[in-house]
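Fold and geometry: a report
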Amino acid sequence: MKNKKYITTSFIVGFTVWLLATILFRIAGQYFFITDSLPIMLILYLGLIPALGLISTRVFKRFNLGQLESLKSAVIMVLPGMLLDTICVKFFTEVFPNMSEGDSKTFGSWLMFAYSIILISALFRRSTYK
């Protein structure tokens, strides 16, 4: 039976990324999440691809996960953030008082894109073992 430590690690990685990102947005989101600037938003969206792709792929590689296990790992990585971000988006102005309420739609879109990157990185993962 394959080692199931990847499940706990996936959860911890997902929760940690969510927590750090939430703290960053709460403290300084108004300085870098500038929804009126197309170049900045493109950088923020496109920057997610290598950043989250690298994080998720490192977990997959660390535990030598095949595609099915990588998918399970990715789902476990995104679940804490997806669940907690439902509260953050619903109570956007309370959680992120430094950002305008108008930013909430773009923020929600950006979050969905971020979670999609992690899931896609697992979907296209090739098995490293036979």
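Below is a short write-up of the structure. Throughout this description, residue numbers start from 1 for each chain and increase along the sequence as written. Confidence filtering applies because this is a predicted model: local features only for residues at pLDDT of at least 70, side-chain atom pairs given and counted only at 80 or more, and all residues used for totals across whole chains, interfaces and linings. Note that the side-chain values use all heavy atoms of the structure and ignore hydrogens as well as water.

Brief notes about the side chain of Thr9
On the secondary structure map, Thr9 appears in helix H1 (residues 5–32). Relative accessible area decides the class of each residue, using a 1.4 Å probe on protein chains only: under 20% of the type maximum gives buried, over 50% gives exposed, and in between gives partly exposed. Residue class for Thr9 comes out buried when judged on its relative accessible area of 17%. Not counting residues up to four positions away in its chain, the partners in contact with Thr9 are Arg62 and Phe63. Secondary structure elements are defined from DSSP: runs of H or I of at least 4 residues count as helices, runs of E of at least 2 residues count as strands, and each element is numbered from the N terminus. Contacts were defined at the residue level, with two residues in contact if any of their heavy atoms lie within 4.5 Å.

Re the packing of H1 against helix H3 (residues 67–90)
Throughout, an axis means a line fitted to C-alpha atoms (over the contacting stretch in the case of helices), and angles, computed between N-to-C directions, take values from 0 to 180 degrees. Where H1 contacts H3, the two axes come as close as 8 Å, and the packing angle between them is 35°. Here H1 runs over H3; the crossing is right-handed. Counted together, Tyr6, Ile7, Ser10, Phe11, Val13, Gly14, Phe15, Trp18 and Thr22 of H1 and Glu69, Lys72, Ser73, Ile76, Met77, Pro80, Gly81, Leu84, Asp85 and Cys88 of H3 form the full contact between these two elements. Crossings are sorted by hand: turned counterclockwise from the far helix by less than a right angle, the near helix makes the crossing left-handed, and turned clockwise it makes it right-handed.

Digging into the packing of aromatic side chains
By convention here, two paired aromatic rings are described through the distance between centres and the angle between planes. In this scheme Phe, Tyr and Trp rings, the latter by its six-membered ring, pair at centre separations within 6.5 Å, and the angle between planes marks the pair as stacked below 30 degrees, edge-to-face above 60, and tilted otherwise. For the coordinates displayed, the defined rule picks out 13 aromatic pairs. Both rings, one in Phe92 and one in Phe96, keep their centres 5.3 Å apart while their planes meet at 50°; by these two values the pair is tilted. You can call Phe92 buried: its relative accessible area is 3%. One aromatic cluster is present, built from ring pairs that chain together Phe25, Phe32, Phe33, Phe92, Phe96, Phe107 and Trp110.

A closer look at the packing of helix H2 (residues 38–62) against helix H5 (residues 103–123)
Where H2 contacts H5, the axes come no closer than 8 Å and their chain directions differ by 35°. As H2 packs across H5, the resulting crossing turns out to be right-handed. Contacts between H2 and H5 pair Met41, Leu44, Tyr45, Leu48, Ile49, Leu52, Gly53, Ser56 and Phe60 from the former with Thr106, Ser109, Trp110, Phe113, Ala114, Ile117, Ile118, Ser121 and Ala122 from the latter.

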